[in-house]
Each structure stands twice: as structure tokens, then as C-alpha cells.
Amino acid sequence: MGQSECADRAVLRVLSGEALSPPPAWMMRQAGRYLPEYREVRAQAGSFLDLCYSPDFATEVTLQPIRRFGFEAAILFSDILVVPHALGQDVRFVEGEGPRLDPLSGRVEFEALRRHDDPAIFARLAPVFETVRRLRRELPAQTTLLGFCGAPWTVASYMIGGRGTSDLAPARAFAQQDPGLLDALIDRLVKVQTAYLVRQLQAGADAVQIFESHAGSLPDGPDPLARFSFAPISRMIEGVRAQVPGARIIVFARGSGLDGHARVAEETGADAVGVDWAVDLGALRRRLPESAVTQGNLHPDTLIEGGPALDRAVDSILEATHGLPHIFNLGHGITPQTPVAHVEQMLARLRRPR
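Everything numeric here is computed off the predicted structure, so don't read it as measured data. (Residues numbered from 1 in each chain as written. Predicted model: local features only at pLDDT ≥ 70, side-chain atom pairs only at ≥ 80, totals over all residues. Heavy atoms only, no water.)

(A) Looking closely at the sheet that holds strand β8 (residues 293-296). If you walk across this open sheet you meet the 7 strands as β1-β4-β5-β6-β7-β8-β9, and the pairing is parallel. Among the strands making up the open sheet, the edge pair consists of β1 (73-75) and β9 (326-327). (Pairing = 2+ DSSP bridges. Helix = DSSP H or I, 4+ residues; strand = E, 2+ residues; numbered from the N terminus.)

(B) Main features of the layout of surface pockets. Its boundaries defined by the atoms lining it, the largest pocket holds a volume of some 1,400 Å³. Residue lining of the largest pocket: 41 residues in total, with Arg-29, Arg-33, Phe-48, Asp-79 and Phe-93 positioned closest to the centre. Elements with a contribution of two residues or more to the lining of the largest pocket: α3 (36-45), β2 (91-94), β3 (98-101) and α10 (152-161). Top contributing element to the lining of the largest pocket by residue count: β3, with 3 residues. Within the lining of the largest pocket, the residues separate by chemical class into 19 nonpolar, 13 polar and 9 charged. Within this model, the second largest pocket holds a volume of roughly 250 Å³. Around the second largest pocket, the lining comprises 16 residues; the ones closest to its centre are Ser-21, Pro-22, Pro-23, Leu-318 and His-322. (1 Å grid on protein atoms, 1.4 Å probe; cavity = no way out; pocket = protein on both sides within 12 Å on 5 of 7 lines; lining within 4 Å. Points joined across faces, edges and corners; volume = space filled by probe spheres on them. Nonpolar A, V, L, I, M, F, W, Y, C, P; charged D, E, K, R; others polar.)

(C) Spatial organisation of the UniProt feature "site: Transition state stabilizer" (unreviewed entry) in the protein. Mapped onto this numbering, the UniProt entry gives "site: Transition state stabilizer" (unreviewed entry) at Asp-79. Owing to a relative accessible area of 17%, Asp-79 belongs among the buried residues under this scheme. Among residues more than four places away in sequence, those in contact with Asp-79 are Phe-48, Cys-52, Phe-93 and Phe-148. Within the structure, Asp-79 has its side chain in polar contact with the backbone nitrogen of Leu-81 (distance 2.9 Å). (UniProt positions renumbered as here; feature names shortened; annotations may be inferred. Buried < 20%, exposed > 50% of the residue type's maximum accessible area, 1.4 Å probe, protein only. Contact = heavy atoms within 4.5 Å. Polar contact = N/O pair within 3.5 Å; in protein donor to acceptor, adjacent residues only side chain to side chain.)

(D) The pattern of salt bridges, seen in detail. Overall, the coordinates contain 25 salt bridges when judged by the stated rule. Where Arg-13 meets Glu-18, a salt bridge forms, and the shortest distance between an N and an O atom there is 2.6 Å. Using a relative accessible area of 32% as the deciding quantity, one classes Glu-18 as partly exposed. In this structure, the salt-bridge partner of Asp-117 is Arg-115, at a minimum N-O distance of 3.6 Å. Each member of the salt-bridge network shares a partner with another, and the members are Asp-56, Glu-130, Arg-133 and Arg-134. (Salt bridge = Lys/Arg side-chain N within 4 Å of Asp/Glu carboxyl O.)

(E) Expanded view of the nonpolar core. With 126 residues, the main nonpolar core has Phe-71, Ile-210, Val-343 and Met-346 as its most contacted residues. At 13 residues, helix α12 (residues 179-203) tops the list of elements feeding residues into this core. Once you skip the residues sitting within four places of it in the chain, Val-343 turns out to touch Met-27, Tyr-34, Phe-69, Phe-71, Leu-303, Ile-334 and Thr-338. (Core = buried A, V, L, I, M, F, W, Y, C linked by side-chain atoms within 4.5 Å.)

Here it is as C-alpha cells:
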């Protein structure tokens with residue numbers, strides 16, 4: 001990748017602190033079930049994990065929204081649960097229900113996991129890195145390629161609970177019953193996922209995002225956001241940058257509230273703060289330095305609604321971030337029932353001359 005090519009990538013420019021008008025855009029879960037072309041590939045692939053582990057299929061579905069909409073960034077098609085799968089935990093996806101894992105209920109299951117330095121982990125994940133390499137070759141030169149992983153607490157909560165739950169009760173109870181074992185699990189995830197992000201960057205990703213999808217459901221105790229979320233993420237970011245100096249990293253701490261969002265960059269070292277839909281973006285921007293980079297905030301339900309409400313929401317985000325470095329995105333992933341025409345409306349409103 002030449003320096004001139006990198007300089008033309010709008011998302012990277014914003015991650016470096018530049019304010020662009022209009023801001024570059026991408027969407028979380030932009031390769032997914034709302035697209036008919038995705039559903040066609042998904043039907044061919046077999047299981048969802050087969051899709052994630054097939055460079056042919058994963059490359060194709062990652063490219064689909066770039067071809068259709070011209071987003072300024074493509075995010076690798078994969079899933080945060082490929083990491084526990086590579087660690088040796090049974091992971092499967094049930095159609096219409098989501099992921100299912102054999103729950104990690106105690107030390108017996110923990111000891112059965114692969115150690116962080118087991119070569120079998122990255123042999124299992126090798127197809128993901130091949131997908132990244134292919135994407136970097138096939139994407140337009142101006143398109144930023146994003147890799148990703150889940151934050152340690154979020155991934156641990158799935159490993160313990162065996163599925164997503166509304167309040168993460170199994171993982172929160174686990175933290176009270178055996179805090180030392182939870183610390184050991186988080187430590188292993190920090191080490192494995194640091195190496196996982198480094199390999200994505202080395203394979204061709206321009207930047208990476210860490211998804212703390214469950215920052216709003218943390219164990220009890222003093223400042224659980226720091227202890228269970230921000231401190232492990234900070235260790236990951238330090239570890240990534242020790243091997244890839246200057247690596248650009250976005251942290252999305254969904255559900256952490258206005259105060260939590262305001263703490264993300266300072267406490268984790270992230271280059272950009274992913275903003276969920278529940279946060280007042282204008283209020284957040286007033287609490288952050290002008291140089292701070294934000295991303296997201298559009299409610300996925302507003303994208304479903306479309307019409308004047310969507311136009312107003314786009315305009316509100318543009319007003320709150322005018323003259324400030326911001327990447328346009330949703331405040332959570334796009335949902336399958338979203339009309340394609342509403343994505344087109346959103347982008348037309350965003351990109352219209354001003």
C-alpha cells in the first residue's frame with residue numbers, strides 16, 4: 001500500500017483527526033441479510049461459520065455493499081465468536097435464534113480451552129486472514145478496510161452464558177462466584193485477540209474496531225466499566241501498537257452511556273469513539289476535545305422508518321459534528337428488515353451538496 005493510496009482513504013483521514021464534509025460513511029453489519037445478494041451467497045455457503053471461514057464467500061459478501069452503495073469503508077465479514085471457536089469451544093449458529101455455545105461454567109471448561117500460544121488457534125483463523133488479504137487486493141484503492149474483534153468482556157459473556165441474554169445474568173453471576181477465573185478468561189482473550197488484530201493488520205486491514213457490545217451489562221463492583229471493559233481493551237490496544245506502531249483503532253462501547261462514551265478514548269487509547277444510538281451526540285461532542293474522533297449514532301430503527309424522520313436524523317448528526325472529525329455510521333448494526341431504498345436515501349441525504 002503506497003502512502004498516496006492511504007492518503008486518499010477518507011476514513012483513515014478522519015481517524016487521523018481530519019474533519020471532512022460530508023463525512024465518510026459505513027454501517028455496522030453492512031454485509032448482511034437486508035441485501036438480496038447476501039442472502040443468495042448465504043444459501044450457498046452452508047452454515048454461518050462456513051461462510052465466515054470461506055475466503056471466497058466472505059470476500060464476496062464484504063464487497064457487496066461497497067459495489068452497491070460506495071461506502072468509504074468495508075468491514076471484514078466474520079463474527080466475534082470465531083475466537084472462542086478457535087480456542088476450542090463448541091460454537092454454532094441456529095437459524096432464527098443466533099449463536100449457541102457450550103457454556104463455560106467453571107474451571108473444567110476453562111482448562112479445556114487452548115492456551116493463548118497454541119498454534120492451532122491461528123491455524124483455525126487462517127481463512128480470516130486470507131479473506132483480509134483478498135479484500136485489500138480487490139477493494140477500490142480509496143476504500144478503507146476495517147478488521148475487528150469483540151472486546152474481552154463481551155466475548156467472555158457469550159462463552160459463559162452460551163448465548164446472548166438481555167441482562168448477561170450468567171456472566172455477571174460468574175463474576176461474583178469466581179472472579180479469579182473470570183480474570184483468567186479475560187486475560188486469555190486479551191492475549192489471543194491482540195494477536196488476532198495484529199494479524200488482521202499485517203494481512204492488509206487499514207484499521208480495526210473493537211466491539212464492546214455489552215458495556216451496559218457489567219458485573220457489580222467499583223467502576224466495573226474500567227475494570228471489566230476499558231482496562232482489558234487498553235491492554236489490547238497497547239499490545240497491538242507494540243507490534244503495529246500507529247495502528248488505528250475504534251472502540252464501540254455500546255450501552256456505556258454519555259459518561260462512558262466520554263471516557264473511551266482517554267482510558268483505552270482508542271483513536272475513535274463509536275457512539276451508540278442512545279447517546280446525545282451533541283452533548284458528547286461538547287465533552288470531548290475538538291480533535292476527538294467520533295463515529296456512529298444513527299438509530300437503526302430510524303433507518304427502517306425512512307422518510308422525513310431519516311432525513312432529520314441525518315441532518316442532526318451532521319449539525320452535531322459540523323467541522324469536527326466524524327465517521328457516519330449507525331449506533332448499532334443494521335437490521336435485516338431495513339429497506340435497501342432507505343440506505344440509499346440516507347446516503348443521498350448525507351452526500352447532497354451543501
